[in-house]
Amino acid sequence: MKNHSSITKNLFNVLLILLGNAIYALAVTMFILPSGLITGGTTGLALFFFHQFGLPVTVFVSIFNVTMFLLGLWVLGKKFALTTLVSSFFYPFILGVFQKIPLLSQMTEDRLLCALYAGVMIGFSIGIVIRAGASTGGMDIPPLVFNKKLGLSISVTMYAFDFTILLLQVLFSDKEEVLYGILLVCIYTLVLDKVLLMGQSRTQVKIVSEKYEQINEQIIRQLDRGSTLIHVQTGYCRTELPMILSVVSGRELPRLTRLVNEMDPAAFMIIGAVKEVRGRGFSLNKEYR
C-alpha cells in the first residue's frame, strides 16, 4: 500500500513538472519572444558574457546548466537531479511545439500586458515545479541550494539574482527594455512566493481571558486544534493567568471567534497571519491520545 502511494505521488509530481514547464513555454511563446522582453536567469547571464567577453550564448548556457545540474545533484540529492532532467528535456521540446502554432505567436503588442501576463505565468510555473521537488534548471538551482543550506527565501534569492542579471544588461540593452524586465521579474517573484506558500499559511490566535479553561477545552473539542498555555501577567491589573496560543486555518477563524465571544465577550484576542506551520496536525498527521 505504501509503495502504491509512493508511486502515485511520484507520478503526480512528474505531471506537475510537465505542466509547469508547459506553462513556462507558453509564457515565452505568447509574450516574451513576440514583445522582445528581456529577463534574468541563465539566458540573461549568457547575454552579458557574450557582449562583454565574446563567449557564445549556447556555449555558456550549456556549461552553466551542466554545472548547476551537478551542484543540484551534490547538494539537493539524486531525486532532485532526476526530476530536473525531466525539465531539461521536456521544456525545449514543448517550446518548439508551441512556436509552430501560429495562434500562439502574438497575443498582444502591448509590452506592459506582455510583462504582466508573462510574469504571472512564469511565477506560477516555476512555483509548481519547485513544489514538485524539481526545478526548471539553470539559475533556478542556486536559490534552492541557498534555501537548503542557509534557510534563505527561494523567491527573494531568485529576485536578487535576476535583478542583478538585469542590471548587468544595462551595459548593452535599451534602458526601457531593462525597466520592463525588472517589472517582469518583480511580478513573477511575487507570484512564485504565493504559490510556494499556497496551502501552508495559517492564522495564529492569542487569547487572554479569565475563562481560559472553557475556551481552551472548546478549541480542543470543537475545532479539533491543539493549543499552548503561556503564563502571562496583565499590564494594568497585574493579574496572572494563562494565555491561550493556537494556530487555525482561515476557515476555522470565524468559528473560533464566535466561540470565544459566546463564552467571554470581554476576551482579548490577538490575530495574526503566519506564513508556514510545521508539526503535528499540519505538516504531520494528527495523533490522538
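Reading the values: the criteria
Residues numbered from 1 in each chain as written. Predicted model: local features only at pLDDT ≥ 70, side-chain atom pairs only at ≥ 80, totals over all residues. Heavy atoms only, no water. Salt bridge = Lys/Arg side-chain N within 4 Å of Asp/Glu carboxyl O. Helix = DSSP H or I, 4+ residues; strand = E, 2+ residues; numbered from the N terminus. Buried < 20%, exposed > 50% of the residue type's maximum accessible area, 1.4 Å probe, protein only. Contact = heavy atoms within 4.5 Å. Pairing = 2+ DSSP bridges. Core = buried A, V, L, I, M, F, W, Y, C linked by side-chain atoms within 4.5 Å. Arc of directions from axis to C-beta. Phe/Tyr/Trp six-rings, centres within 6.5 Å; stacked < 30°, edge-to-face > 60°. Axes fitted to C-alpha atoms, helices over the stretch in contact; angles between N-to-C directions. Left-handed = near helix turned anticlockwise from the far one by under 90°. Nonpolar A, V, L, I, M, F, W, Y, C, P; charged D, E, K, R; others polar. Patch = residues over 30% accessible without salt bridge, like charges linked within 9 Å, V, L, I, M, F, W, Y side chains within 5 Å. Areas by Shrake-Rupley, 256 points an atom, 1.4 Å probe, with all protein chains shown as cover.

Student: With reference to specific residues and values, describe the pattern of salt bridges.
Tutor: Taken as a whole and assessed by the stated rule, the structure comprises two salt bridges. One salt bridge connects Glu217 with Arg221, and the closest N-O pair in it is separated by 3.1 Å. Of the two residues, Glu217 and Arg221 are both situated in helix H9 (residues 212-221); the distance of four residues between them amounts to about one turn of the helix. Across the pair Glu252 and Arg225 runs a salt bridge whose closest N-O atoms are separated by 3.1 Å. Taken together, the residues span a long stretch of sequence, with Glu252 in helix H10 (residues 252-263) and Arg225 in the loop between H9 and strand S2 (228-233) at a distance of 27 residues.

Student: Pulling in residues and values, what's your account of the side chain of Thr29?
Tutor: Relative to the helices and strands, Thr29 resides in helix H1 (residues 2-35). Judged by its relative accessible area of 4%, Thr29 is buried. Dropping the residues within four chain positions of it, Thr29 is found in contact with Pro34, Leu95, Phe98, Gln99, Leu104 and Ser105.

Student: Quick rundown of the pairing of S2? Include the residues and the values.
Tutor: The pairing of S2 with strand S3 (residues 240-248) spans six bridges and is antiparallel. Its bridge partner lying in S3, Leu229 is registered against Ile244. Count of turn residues in the S2/S3 antiparallel hairpin: six residues, of which Arg238 carries a positive phi of about 60°.

Student: If you had to explain the nonpolar core to someone new, which residues and values would you point to?
Tutor: Grouped together as the largest cluster of nonpolar side chains are 48 residues, with contacts concentrated most on Ile32, Ile130 and Met158. Every element with two or more residues in this core is listed here: H1, helix H2 (41-53), helix H3 (57-76), helix H4 (78-99), helix H5 (111-131), helix H6 (141-150), helix H7 (154-168) and helix H8 (175-197). Element by element, the count of residues in this core is highest for H8, at ten residues. Those residues in contact with Ile130 that lie beyond four places of it in its chain are Leu144, Ile154, Met158, Leu192 and Leu196.

Student: Quick one: what's the story with the environment of Leu47, residue by residue and with numbers?
Tutor: Position of Leu47 among the secondary structure elements: in helix H2. Given the relative accessible area of 27%, Leu47 is considered partly exposed. Each C-alpha atom of the pair Leu47 and Val59 lies 11 Å from the other, and the pair is twelve residues apart in sequence.

Student: Account for H9, with residues named and values stated.
Tutor: Along H9, the residues that are buried comprise Ile215, Asn216 and Ile219. When H9 is viewed along its axis, its buried side chains cluster within an angular range of 100° and face the same direction. The inward-facing, buried residues of H9 abut strand S1 (202-208), S2, S3 and H10.

Student: How would you sum up the environment of Val247? Please name residues and give values.
Tutor: Within the secondary structure, Val247 sits in strand S3. A residue is classified by how much of its surface remains accessible, and Val247, at 19% relative accessible area, is buried. Through-space distance from the C-alpha of Val247 to that of Gly40 is 38 Å; in sequence the pair is 207 residues apart.

Student: Describe the packing of aromatic side chains, listing the residues and the values that go with them.
Tutor: Under the defined criterion, the tally for this structure stands at six aromatic pairs. Between Tyr24 and Tyr91 the ring centres are 5.4 Å apart and the planes differ by 80°, which places this aromatic pair in the edge-to-face class. Residue Tyr24 is located in helix H1, and its partner Tyr91 is located in helix H4; the two are separated by 67 residues in the primary sequence. Classification of Tyr91 by relative accessible area gives partly exposed; the value is 22%. Relative to Tyr117, the ring of Phe31 lies with its centre 5.7 Å away and its plane at 15°, an arrangement referred to as stacked.

Student: Explain the packing of H5 against H8 to me, using residue names and the numbers behind them.
Tutor: Helix-helix packing is described using two parameters, namely the angle between the two axes and the distance between the axes. The geometry of H5 relative to H8 is characterised by a closest axis approach of 7 Å and an angle of 35° between their N-to-C directions. Taken as a pair, H5 and H8 cross one another with a handedness that is right-handed. Taken together, the residues of the contact of H5 with H8 break down into 20 nonpolar, three polar and four charged.

Student: I'd like a description of a nonpolar patch on the surface, backed by residues and values.
Tutor: A contiguous nonpolar patch, built from Phe93, Val97, Ile101 and Leu103 and spanning about 390 Å² of accessible area, is present on the exposed surface. Mapped onto the elements, Val97 comes out in helix H4. Val97 sits in the partly exposed class, given a relative accessible area of 32%.

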